[in-house]
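Descriptive structure summary
As a plain string of letters, each chain reads:
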Amino acid sequence: MEPSEASATTLRRRSSFFGSLGPGLITGAADDDPSGIATYSQVGAQFGYSLAWTMLFSYPLMAVTQGISAGIGAVTGQGIARNLRRHYSPWLLRFAVLLLLVANTINIGADLSAMGAALELLIGGPHHLYAIFFALICIFLEIFVSYRRYVKVLKWLTLSLLAYVAVVLSVHVPWGAALYGALVPQIVFDGDHAMALVAVLGTTISPYLFFWQAGEEVEEQHRQHRRRLGANSHAAGPELARIRGDTLFGMGFSNLVAIVIITATAATLHANGITQIQTSSQAAEALRPVAGDFAFAIFAIGIVGTGMLAVPVLAGSAAYAVAEMFRWPEGLDRRPQDAKAFYGVIAVATLGGVTLTFVGLDPIRALYWSAVVNGILAAPLMAIMMMIAMNPRIMGHLTLPRWMVFGGVLATAVMALASIGFFVL
């Protein structure tokens, strides 16, 4: 093969791989939202590099959980809430959807507030108006831009996470200590470390991600005019392999960026005695005197970019759940006039979130209560997802393989313990 032909073949393979990325990549990147950035920044500032290993620990748990949710959507052709409605008690569905809607709205408010505060740090001005501006843009894009184009927008927004790689490269990092913290678990049995571990797990494995990725797999089937995998066994093998690759890459990208954020704040804030960070914008502001204007600006820009990715995912996952519960027409591939209630939930959740920034709700308390609600919902919902994915009456012959059963049970048990720890500590 000539060098030019080999180069062209390599480019085609890379293009094919990145073209296959979608729901998993977007879901993973959305997990690093401004509230998540605040959590990772606090971990780095308070503990240095010593808890970076938690991201490697959480990666397989997160990947298998998201793989199960994506598989449910692809095999059944229906989202999580619709499967709950069809096969389980109505009260269970209502309880799960109500908690999800409350948690997502609070999280949207916290993220929009962080985005507004970050832009205020960069250019000055009223952060409340910036929050409204970002909310309206998110609503407009999600409702009025076609699904095919909107997915491309979301995929490009995942690149905003590379801002944190730029931050790490712009500051001095003792790589020996950083790698040791990432690769070697350092377990300390005290309340602060336990609470940090609970916070990390609660941030990385969140119920809204389950609903979103399952819904997006259904969207992809509609967009490509494909049947659900349960009724199209010939396509099941390659399609499930694509889902696995997409999910592994997306969750790996998410957790790698989390390690980078922990490393950046450990090398700057922790190294200079700054150990308490409550919001992502505070982390950006604290970087300026110790790491310079460039690191500060890149960190703040990353907050805005990740928020533009995460807010639509939070609102969209709530809309999928509510629409599936009430049997409304749903899907981002539908025109607004064909799914008015679905898009209405997106608008209400987003505007409800931004309203929280005007009622004097402390963003730290907002994140706390969002974490409480997610903690209540995560483990039971994961257990229900396991029952759905292991049920041949629902999944046909495409029930979970043994390794995913083991991984899903382990992830559910870890999240149950983390939820109990959240309330006990």
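Per an unreviewed UniProt entry, the protein chain goes by the name NRAMP (Natural resistance-associated macrophage protein) metal ion transporters and belongs to Mesorhizobium qingshengii. Database annotation for the protein chain, UniProt heading Subcellular location (unreviewed entry): "Membrane".

**Notes on a nonpolar patch on the surface**
Taken together, the side chains of W156, L159, L162, V165 and L169 present a nonpolar region at the surface, about 540 Å² in accessible area. With three residues, helix α9 (residues 162-170) is the single largest residue contributor to the nonpolar patch. Relative to the elements of secondary structure, V165 occurs in helix α9. Overall, the relative accessible area of 32% leaves V165 in the partly exposed class.

**Description of the packing of helix α4 (residues 53-76) against helix α19 (residues 402-424)**
α19 packs onto α4 with a crossing angle of 115° between their chain directions and a minimal axis gap of 9 Å. In terms of orientation, α4 and α19 fall into the roughly perpendicular class. The handedness of the crossing between α4 and α19 comes out as left-handed. Facing F57, L61, V64, T65, G67 and I68 of α4, the residues of α19 in contact are M404, G407, G408, L410, A411 and V414. For the contact of α4 with α19, the per-class residue count stands at eight nonpolar, four polar and no charged.

**Describing the nonpolar core**
What tends to happen in soluble globular proteins is that the nonpolar side chains get buried as a cluster. With 138 residues, the main nonpolar core has I68, L112, F299, L332 and F342 as its most contacted residues. Broken down by element, the residue count for this core peaks at 19 residues, all from helix α15 (residues 293-326). Once residues within four sequence positions are removed from consideration, L112 is found in contact with A131, F134, A135, V311, T350 and V354.

**Some details on the side chain of N104**
You can see N104 is positioned in helix α6 (residues 90-123). Judged by its relative accessible area of 1%, N104 is buried. Of the polar contacts made by the side chain of N104, one reaches the backbone oxygen of L314; its length is 2.8 Å. If sequence neighbours within four positions are ignored, N104 has contacts with Y208, L314, S317 and A318.

**Overview of unusual backbone geometry**
Non-glycine residue H225 carries a positive phi angle of around 55°. Given the relative accessible area of 73%, H225 is considered exposed. The phi dihedral of R327 falls on the positive side, at around 60°, and the residue is not glycine. The residue R327 is located in the loop between α15 and α16 (340-355) in this model. Residue classification places R327 among the exposed positions, given a relative accessible area of 61%.

**Description of the packing of aromatic side chains**
Summed over all chains, the structure comprises eight aromatic pairs. Pairing F140 with F144 gives two aromatic rings, centres 5.4 Å apart and planes at 40°, and the pair type is tilted. Here F144 and F140 lie together in helix α7 (residues 127-144), a separation of four residues that amounts to about one turn. Since its relative accessible area comes to 49%, F140 is described here as partly exposed. Through a chain of ring-to-ring contacts, three or more aromatic side chains come together here, namely W212, Y320, F342 and Y343.

**Observations regarding α15**
Counting along an α-helix, one turn takes 3.6 residues, and residues three or four places apart therefore face a common direction. Given a rise of 1.5 Å per residue, 34 residues ought to cover 50 Å, and the 50 Å separating the end C-alpha atoms of α15 matches this to within 8%. The largest bend in α15 amounts to roughly 25° and is located at G307. Of all 34 residues that make up α15, 29 are buried, and the element is covered over most of its length. The positive-phi residue at the C-terminal boundary of α15 is R327, with phi of around 60°.

**Details of the packing of helix α5 (residues 80-87) against α6**
Relative to each other, α5 and α6 sit at 160°, their axes nearing to 8 Å. Relative to α6, the element α5 is oriented roughly antiparallel. Residue-level inspection shows A81, L84 and R85 of α5 in contact with α6, the latter providing L92, L93 and V97. The class makeup of the residues in the contact of α5 with α6 is five nonpolar, no polar and one charged.

The rules behind each value
Residues numbered from 1 in each chain as written. Predicted model: local features only at pLDDT ≥ 70, side-chain atom pairs only at ≥ 80, totals over all residues. Heavy atoms only, no water. UniProt positions renumbered as here; feature names shortened; annotations may be inferred. Patch = residues over 30% accessible without salt bridge, like charges linked within 9 Å, V, L, I, M, F, W, Y side chains within 5 Å. Areas by Shrake-Rupley, 256 points an atom, 1.4 Å probe, with all protein chains shown as cover. Salt bridge = Lys/Arg side-chain N within 4 Å of Asp/Glu carboxyl O. Helix = DSSP H or I, 4+ residues; strand = E, 2+ residues; numbered from the N terminus. Buried < 20%, exposed > 50% of the residue type's maximum accessible area, 1.4 Å probe, protein only. Axes fitted to C-alpha atoms, helices over the stretch in contact; angles between N-to-C directions. Parallel < 35°, antiparallel > 145°, perpendicular 65-115°, else oblique. Left-handed = near helix turned anticlockwise from the far one by under 90°. Contact = heavy atoms within 4.5 Å. Nonpolar A, V, L, I, M, F, W, Y, C, P; charged D, E, K, R; others polar. Core = buried A, V, L, I, M, F, W, Y, C linked by side-chain atoms within 4.5 Å. Polar contact = N/O pair within 3.5 Å; in protein donor to acceptor, adjacent residues only side chain to side chain. Phe/Tyr/Trp six-rings, centres within 6.5 Å; stacked < 30°, edge-to-face > 60°. Expected span 1.5 Å × (residues − 1). Bend = angle between axes of the 7 residues up to and from the residue.

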